[in-house]
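Observations on the three-dimensional arrangement
If you want the building blocks of each chain, they are given just below.
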Amino acid sequence: MFHSGLYAARCRYAELGLSQMLPPERVLVGAESVRSGAFGGFHHPDQGYRHLQMLSVVTMYGPMERDNPERPELALLDLLRAYAHDCLHYGSRRRYVDVGGRPTRTQYGINFRRPTGQSYSAADPQGTPHTRNLGVVMEGACDREARRITRDVAARAGMREPADVLGRLAFRDTTGTLTEEDVRGDLGSGHAGEAAQYAGALQRYEAGVNRRYAAFLAEFAPCEEEDLHDLLLTAVINGDTRGLSAWLDARHGPNTFAGAFLTGAYFAPTLDLSA
(Lines give C-alpha, C1' and ligand atoms only; values in the text may rest on other atoms or scores of the structure.)
Protein backbone atom coordinates (compact mmCIF):
# COMPACT_ATOMS: atom_id res chain seq x y z
CA MET A 1 0.00 0.00 0.00
CA PHE A 2 2.77 2.43 0.87
CA HIS A 3 4.64 1.81 -2.38
CA SER A 4 1.40 2.20 -4.33
CA GLY A 5 0.98 5.63 -2.73
CA LEU A 6 4.61 6.47 -3.34
CA TYR A 7 4.24 5.69 -7.05
CA ALA A 8 1.07 7.79 -7.28
CA ALA A 9 2.79 10.70 -5.54
CA ARG A 10 5.84 10.49 -7.81
CA CYS A 11 3.68 10.58 -10.96
CA ARG A 12 1.47 13.39 -9.70
CA TYR A 13 4.34 15.55 -8.46
CA ALA A 14 6.20 15.12 -11.76
CA GLU A 15 3.17 16.69 -13.47
CA LEU A 16 3.56 19.69 -11.16
CA GLY A 17 7.27 20.04 -11.97
CA LEU A 18 8.85 18.24 -9.00
CA SER A 19 11.76 16.26 -10.41
CA GLN A 20 13.08 14.69 -7.20
CA MET A 21 11.20 13.19 -4.27
CA LEU A 22 12.38 13.50 -0.70
CA PRO A 23 15.09 10.79 -0.32
CA PRO A 24 13.86 8.13 2.15
CA GLU A 25 17.21 8.23 3.93
CA ARG A 26 16.39 11.81 4.91
CA VAL A 27 13.21 10.73 6.70
CA LEU A 28 13.61 9.85 10.38
CA VAL A 29 10.70 7.95 11.93
CA GLY A 30 10.40 7.91 15.70
CA ALA A 31 8.68 4.65 16.62
CA GLU A 32 9.43 4.01 20.29
CA SER A 33 9.51 6.30 23.31
CA VAL A 34 10.48 5.78 26.94
CA ARG A 35 7.99 8.47 27.96
CA SER A 36 4.87 7.00 29.55
CA GLY A 37 1.78 7.59 27.45
CA ALA A 38 3.72 8.86 24.44
CA PHE A 39 1.47 9.22 21.37
CA GLY A 40 2.76 9.92 17.87
CA GLY A 41 1.54 10.82 14.41
CA PHE A 42 1.30 13.68 11.94
CA HIS A 43 0.22 16.14 14.65
CA HIS A 44 2.91 15.28 17.17
CA PRO A 45 4.37 18.60 18.44
CA ASP A 46 7.97 17.71 17.50
CA GLN A 47 7.14 16.43 14.02
CA GLY A 48 7.86 18.35 10.83
CA TYR A 49 10.20 19.19 7.99
CA ARG A 50 13.52 20.90 8.80
CA HIS A 51 14.15 23.20 5.85
CA LEU A 52 17.78 24.11 6.47
CA GLN A 53 18.79 20.52 7.20
CA MET A 54 16.49 19.19 4.42
CA LEU A 55 15.34 16.50 6.83
CA SER A 56 11.90 15.13 7.65
CA VAL A 57 11.28 14.11 11.27
CA VAL A 58 8.08 12.11 11.78
CA THR A 59 6.61 9.77 14.37
CA MET A 60 4.68 6.53 14.18
CA TYR A 61 0.95 7.05 14.65
CA GLY A 62 -0.48 5.81 17.93
CA PRO A 63 1.01 4.78 21.28
CA MET A 64 4.80 4.79 21.12
CA GLU A 65 5.72 2.66 24.13
CA ARG A 66 6.69 -0.16 21.78
CA ASP A 67 8.30 -0.19 18.35
CA ASN A 68 5.39 -1.90 16.55
CA PRO A 69 2.29 0.16 15.72
CA GLU A 70 -0.86 -0.68 17.62
CA ARG A 71 -2.94 0.14 14.52
CA PRO A 72 -0.76 -0.84 11.51
CA GLU A 73 -3.14 0.38 8.78
CA LEU A 74 -3.64 3.77 10.41
CA ALA A 75 0.10 4.07 11.02
CA LEU A 76 0.75 3.30 7.34
CA LEU A 77 -1.74 5.90 6.11
CA ASP A 78 -0.33 8.48 8.52
CA LEU A 79 3.23 7.79 7.35
CA LEU A 80 2.22 8.04 3.69
CA ARG A 81 0.43 11.33 4.32
CA ALA A 82 3.46 12.72 6.18
CA TYR A 83 5.91 11.61 3.48
CA ALA A 84 3.80 12.91 0.58
CA HIS A 85 3.35 16.19 2.47
CA ASP A 86 7.06 16.63 3.23
CA CYS A 87 8.06 15.76 -0.34
CA LEU A 88 6.37 18.99 -1.36
CA HIS A 89 8.17 20.92 1.38
CA TYR A 90 11.45 19.38 0.22
CA GLY A 91 10.70 20.30 -3.40
CA SER A 92 9.59 23.88 -2.71
CA ARG A 93 11.76 26.65 -4.10
CA ARG A 94 14.09 28.16 -1.48
CA ARG A 95 16.54 31.03 -1.55
CA TYR A 96 19.06 31.86 1.15
CA VAL A 97 21.32 34.87 1.57
CA ASP A 98 24.24 35.49 3.89
CA VAL A 99 23.35 38.00 6.61
CA GLY A 100 26.21 38.63 9.00
CA GLY A 101 27.62 35.16 8.42
CA ARG A 102 24.29 33.40 8.98
CA PRO A 103 22.19 31.72 6.24
CA THR A 104 18.88 33.58 6.08
CA ARG A 105 15.97 32.29 4.04
CA THR A 106 14.36 35.00 1.91
CA GLN A 107 12.08 32.79 -0.18
CA TYR A 108 10.18 29.59 0.43
CA GLY A 109 7.82 28.59 -2.37
CA ILE A 110 5.69 31.67 -3.06
CA ASN A 111 6.34 33.22 0.35
CA PHE A 112 9.02 35.85 0.87
CA ARG A 113 10.90 37.37 3.77
CA ARG A 114 13.27 40.32 3.68
CA PRO A 115 16.80 39.81 5.06
CA THR A 116 15.77 42.15 7.87
CA GLY A 117 13.01 39.78 8.93
CA GLN A 118 9.75 41.24 7.62
CA SER A 119 7.37 38.63 6.22
CA TYR A 120 5.45 39.23 2.97
CA SER A 121 2.12 38.38 4.57
CA ALA A 122 0.82 38.78 8.11
CA ALA A 123 -0.50 36.06 10.39
CA ASP A 124 -4.26 35.49 10.26
CA PRO A 125 -6.29 36.72 13.23
CA GLN A 126 -7.13 33.87 15.56
CA GLY A 127 -10.40 32.15 14.78
CA THR A 128 -10.91 33.55 11.27
CA PRO A 129 -12.33 31.05 8.75
CA HIS A 130 -10.44 32.61 5.82
CA THR A 131 -6.74 33.29 5.22
CA ARG A 132 -4.51 36.04 3.87
CA ASN A 133 -1.32 34.30 4.94
CA LEU A 134 0.91 32.65 2.35
CA GLY A 135 2.29 30.19 4.88
CA VAL A 136 -1.20 28.86 5.53
CA VAL A 137 -1.97 28.74 1.80
CA MET A 138 1.18 26.73 1.00
CA GLU A 139 0.74 24.40 3.97
CA GLY A 140 -2.87 23.82 3.03
CA ALA A 141 -1.95 23.15 -0.60
CA CYS A 142 0.68 20.59 0.40
CA ASP A 143 -1.67 18.80 2.77
CA ARG A 144 -4.60 18.82 0.36
CA GLU A 145 -2.42 17.01 -2.17
CA ALA A 146 -0.94 14.58 0.35
CA ARG A 147 -4.34 13.63 1.75
CA ARG A 148 -5.75 13.12 -1.75
CA ILE A 149 -3.02 10.56 -2.42
CA THR A 150 -3.66 8.85 0.92
CA ARG A 151 -7.41 8.82 0.33
CA ASP A 152 -6.99 7.13 -3.07
CA VAL A 153 -4.68 4.48 -1.58
CA ALA A 154 -7.15 3.74 1.23
CA ALA A 155 -10.00 3.44 -1.28
CA ARG A 156 -8.05 1.09 -3.58
CA ALA A 157 -7.13 -1.09 -0.59
CA GLY A 158 -10.74 -1.23 0.59
CA MET A 159 -9.93 0.27 3.97
CA ARG A 160 -12.88 1.26 6.14
CA GLU A 161 -13.24 3.71 8.96
CA PRO A 162 -12.48 2.25 12.40
CA ALA A 163 -15.38 2.08 14.83
CA ASP A 164 -13.67 3.84 17.73
CA VAL A 165 -13.73 7.64 17.96
CA LEU A 166 -9.98 8.31 17.86
CA GLY A 167 -9.32 5.78 15.12
CA ARG A 168 -12.14 7.19 13.02
CA LEU A 169 -10.82 10.70 13.57
CA ALA A 170 -7.31 9.68 12.48
CA PHE A 171 -8.62 7.87 9.39
CA ARG A 172 -10.71 10.85 8.31
CA ASP A 173 -7.80 13.18 8.97
CA THR A 174 -5.32 11.27 6.80
CA THR A 175 -7.86 10.91 3.99
CA GLY A 176 -9.21 14.47 4.12
CA THR A 177 -12.78 13.49 5.04
CA LEU A 178 -13.20 15.20 8.42
CA THR A 179 -16.68 16.51 9.13
CA GLU A 180 -17.75 19.72 10.84
CA GLU A 181 -18.59 17.68 13.94
CA ASP A 182 -15.08 16.21 13.91
CA VAL A 183 -13.59 19.70 13.94
CA ARG A 184 -15.93 21.22 16.53
CA GLY A 185 -16.67 18.27 18.82
CA ASP A 186 -15.01 17.40 22.13
CA LEU A 187 -13.40 14.27 20.75
CA GLY A 188 -10.54 14.04 23.23
CA SER A 189 -12.79 13.75 26.28
CA GLY A 190 -12.77 9.96 26.18
CA HIS A 191 -8.96 9.86 26.19
CA ALA A 192 -6.25 11.06 28.51
CA GLY A 193 -2.75 12.47 28.23
CA GLU A 194 -1.07 12.74 24.87
CA ALA A 195 -3.85 10.96 22.98
CA ALA A 196 -6.28 13.74 24.00
CA GLN A 197 -3.67 16.38 23.17
CA TYR A 198 -3.20 14.78 19.75
CA ALA A 199 -6.94 14.96 19.02
CA GLY A 200 -6.91 18.64 19.97
CA ALA A 201 -3.89 19.37 17.77
CA LEU A 202 -5.59 17.58 14.87
CA GLN A 203 -8.70 19.72 15.22
CA ARG A 204 -6.71 22.96 15.43
CA TYR A 205 -4.70 22.07 12.32
CA GLU A 206 -7.83 21.22 10.37
CA ALA A 207 -9.53 24.48 11.36
CA GLY A 208 -6.45 26.69 11.06
CA VAL A 209 -4.92 25.26 7.88
CA ASN A 210 -7.06 22.93 5.79
CA ARG A 211 -10.40 24.68 6.30
CA ARG A 212 -8.84 28.10 5.69
CA TYR A 213 -7.16 26.87 2.52
CA ALA A 214 -10.44 25.41 1.25
CA ALA A 215 -12.11 28.76 1.98
CA PHE A 216 -9.36 30.55 0.06
CA LEU A 217 -9.88 28.35 -3.01
CA ALA A 218 -13.65 28.84 -2.87
CA GLU A 219 -13.22 32.60 -2.48
CA PHE A 220 -10.72 33.19 -5.30
CA ALA A 221 -11.63 30.32 -7.64
CA PRO A 222 -15.32 29.39 -7.37
CA CYS A 223 -15.92 26.35 -9.60
CA GLU A 224 -12.19 26.43 -10.52
CA GLU A 225 -10.68 25.33 -7.22
CA GLU A 226 -8.59 22.54 -8.68
CA ASP A 227 -7.14 24.81 -11.38
CA LEU A 228 -5.99 27.32 -8.77
CA HIS A 229 -4.69 24.52 -6.53
CA ASP A 230 -2.54 23.15 -9.36
CA LEU A 231 -1.21 26.62 -10.20
CA LEU A 232 -0.34 27.21 -6.56
CA LEU A 233 1.61 23.98 -6.21
CA THR A 234 3.43 24.55 -9.48
CA ALA A 235 4.44 28.04 -8.31
CA VAL A 236 5.51 26.69 -4.89
CA ILE A 237 7.81 24.20 -6.60
CA ASN A 238 9.38 26.53 -9.18
CA GLY A 239 9.20 29.72 -7.11
CA ASP A 240 7.76 31.72 -10.02
CA THR A 241 4.51 33.56 -9.23
CA ARG A 242 3.93 35.03 -12.70
CA GLY A 243 1.55 32.37 -14.00
CA LEU A 244 -0.36 32.30 -10.71
CA SER A 245 -0.56 36.11 -10.61
CA ALA A 246 -1.77 36.33 -14.22
CA TRP A 247 -4.52 33.77 -13.50
CA LEU A 248 -5.69 35.69 -10.43
CA ASP A 249 -5.48 39.06 -12.22
CA ALA A 250 -7.64 37.77 -15.08
CA ARG A 251 -10.40 36.96 -12.60
CA HIS A 252 -10.08 39.61 -9.90
CA GLY A 253 -8.23 42.55 -11.45
CA PRO A 254 -4.63 43.80 -11.48
CA ASN A 255 -2.23 42.96 -8.66
CA THR A 256 -4.55 40.50 -6.94
CA PHE A 257 -1.69 38.48 -5.44
CA ALA A 258 -0.09 41.50 -3.75
CA GLY A 259 -3.47 42.96 -2.86
CA ALA A 260 -4.52 39.80 -1.06
CA PHE A 261 -1.28 38.96 0.72
CA LEU A 262 1.17 41.85 0.91
CA THR A 263 1.31 43.43 4.35
CA GLY A 264 2.20 47.09 4.75
CA ALA A 265 5.02 46.19 7.11
CA TYR A 266 6.95 44.30 4.42
CA PHE A 267 8.64 47.37 2.97
CA ALA A 268 8.65 49.39 6.17
CA PRO A 269 12.06 50.99 6.92
CA THR A 270 14.09 49.06 9.45
CA LEU A 271 17.04 51.45 9.87
CA ASP A 272 17.10 54.02 12.64
CA LEU A 273 17.43 57.25 10.67
CA SER A 274 17.09 59.51 13.70
CA ALA A 275 20.78 59.37 14.56
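In short, a report on the structure. Every chain begins its residue count from 1, and numbering advances along the sequence as written. Restriction of local features to residues with pLDDT of at least 70 applies here, the model being predicted, together with a cutoff of 80 or more for giving and counting side-chain atom pairs; totals for whole chains, interfaces and linings are based on all residues. By convention in this description, side-chain values take in all heavy atoms of the structure and omit both hydrogens and water.

Considering the overall build of the chain
Within the chain one finds nine helices and eight strands. The C-alpha radius of gyration computed for the chain amounts to 20 Å, which stays within 12% of the reference 19 Å derived for 275 residues, consistent with globular compactness. Over its C-alpha atoms, taken along the principal directions, the chain stretches across nearly 60 × 45 × 40 Å. A 1.4 Å probe rolled over the protein chains alone gives each residue an accessible area, and that area as a share of the maximum for its type sets the label: buried under 20%, exposed over 50%, partly exposed in between. Counting across all 275 residues of the chain, residues that qualify as buried make up 47%. Strands here are runs of E lasting at least two residues and helices are runs of H or I lasting at least four, both read from the DSSP assignment and numbered beginning at the N terminus. When we talk radius of gyration, it's over C-alpha atoms, and the globule rule is simply 2.2 Å times the number of residues to the 0.38.

A few points about helix H8 (residues 242–252)
Two residues of an α-helix separated by three or four positions point the same way, owing to the 3.6 residues in each turn. Among all positions in H8, only Leu244, Ser245, Trp247 and Leu248 are buried. With its buried residues spanning 160° around the axis, H8 presents them on a single face. Turned more than 90 degrees from where H8 packs its buried face, Arg242 and Ala250 sit exposed. Positive backbone phi, at 100°, marks glycine 253, one or two positions downstream of H8. Here the arc refers to the directions that run from the helix axis out to each C-beta atom.

Digging into the environment of tyrosine 7
Here tyrosine 7 is to be found in helix H1 (residues 2–16). Taking the relative accessible area as the measure of exposure, tyrosine 7 reaches 55% and is therefore exposed. For tyrosine 7 and isoleucine 149, which are 142 residues apart along the polypeptide, the C-alpha to C-alpha distance reads 9.9 Å.

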